[in-house]
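Structural description and commentary
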Amino acid sequence: MKNSIVCAAVLCALSIAAHATDKPRHPQPSKPAAEDKWFASDKVLHAAVGAGLGAVGTAVADANGLAHPRLTGFAVGCGVGLLKEGLDKRASSKDAIVTCLAAAGGAYLGGLAIEHDRKSRTTTVSYAWEF
C-alpha cells in the first residue's frame, strides 16, 4: 500500500511539473475564452498526462486488489486533471474534457495491456497486433 501511495504522489508531482514547464515566468493577462481552441498544442499534453495517469492508476489499483481497477484509474487521471484546472489561473473546460477522455482511454487500454499476477507478484505489459 505504501508503494502505491508513493507512486500516486510522484505521478501527481510529475503531472503538475509537466504543465508548469510550458508557462511563462511572468504573469500574463488572462486569455479570452474564445482563444482556447479544441486543437491547440496544449491539448496533446493534457491527453498524454490523462492517458498515462489512467493507465498507471489502473495498474496500481489492480496490483493492490481493488474491485474496479479501471474505474480507479479513470478517477486518478481525471481527478488530477480537474485538480490542475481548478488550481490554474486560466482554467479551461476544454482542457479538463480532453484530460478526462484520455484518462478513460488510458484506464481501459491499461487494463488490457498491463496484467498483475497477485500470486507470483509480477506485473507484465503485453500487446498484440491482431486483425
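Before reading on, note that the structure itself is shown above.
Read on for a plain summary of the structure. (Residues numbered from 1 in each chain as written. Predicted model: local features only at pLDDT ≥ 70, side-chain atom pairs only at ≥ 80, totals over all residues. Heavy atoms only, no water.)

1. Focus: the packing of helix α2 (residues 42–63) against helix α4 (residues 93–113)
With their axes 6 Å apart at the nearest point, α2 and α4 run at an angle of 35 degrees to one another. In the crossing of α2 with α4, the sense of the turn from one axis to the other is right-handed. Every residue of α4 that contacts α2 at Asp 42, Lys 43, His 46, Ala 47, Gly 50, Ala 51, Gly 54, Ala 55 and Thr 58 is listed here: Lys 94, Asp 95, Val 98, Thr 99, Ala 102, Ala 103, Gly 106, Ala 107, Gly 110 and Gly 111. Residues of the contact of α2 with α4, tallied by class, amount to seven nonpolar, eight polar and four charged. (Axes fitted to C-alpha atoms, helices over the stretch in contact; angles between N-to-C directions. Helix = DSSP H or I, 4+ residues; strand = E, 2+ residues; numbered from the N terminus. Left-handed = near helix turned anticlockwise from the far one by under 90°. Contact = heavy atoms within 4.5 Å. Nonpolar A, V, L, I, M, F, W, Y, C, P; charged D, E, K, R; others polar.)

2. Re the state of the cysteines
Covalent bonding between the sulfur atoms of two cysteines defines a disulfide. Per the counting criterion, the structure on display carries one disulfide. Here Cys 78 is linked by a disulfide to Cys 100, with a sulfur-sulfur distance of 2.0 Å. Its torsion about the S-S bond being 70 degrees, the disulfide of Cys 78 and Cys 100 is classed as right-handed. In this pair, Cys 78 is assigned in helix α3 (residues 69–87) and Cys 100 in helix α4, connecting sequence segments 22 residues apart. (Disulfide = S-S within 2.5 Å.)

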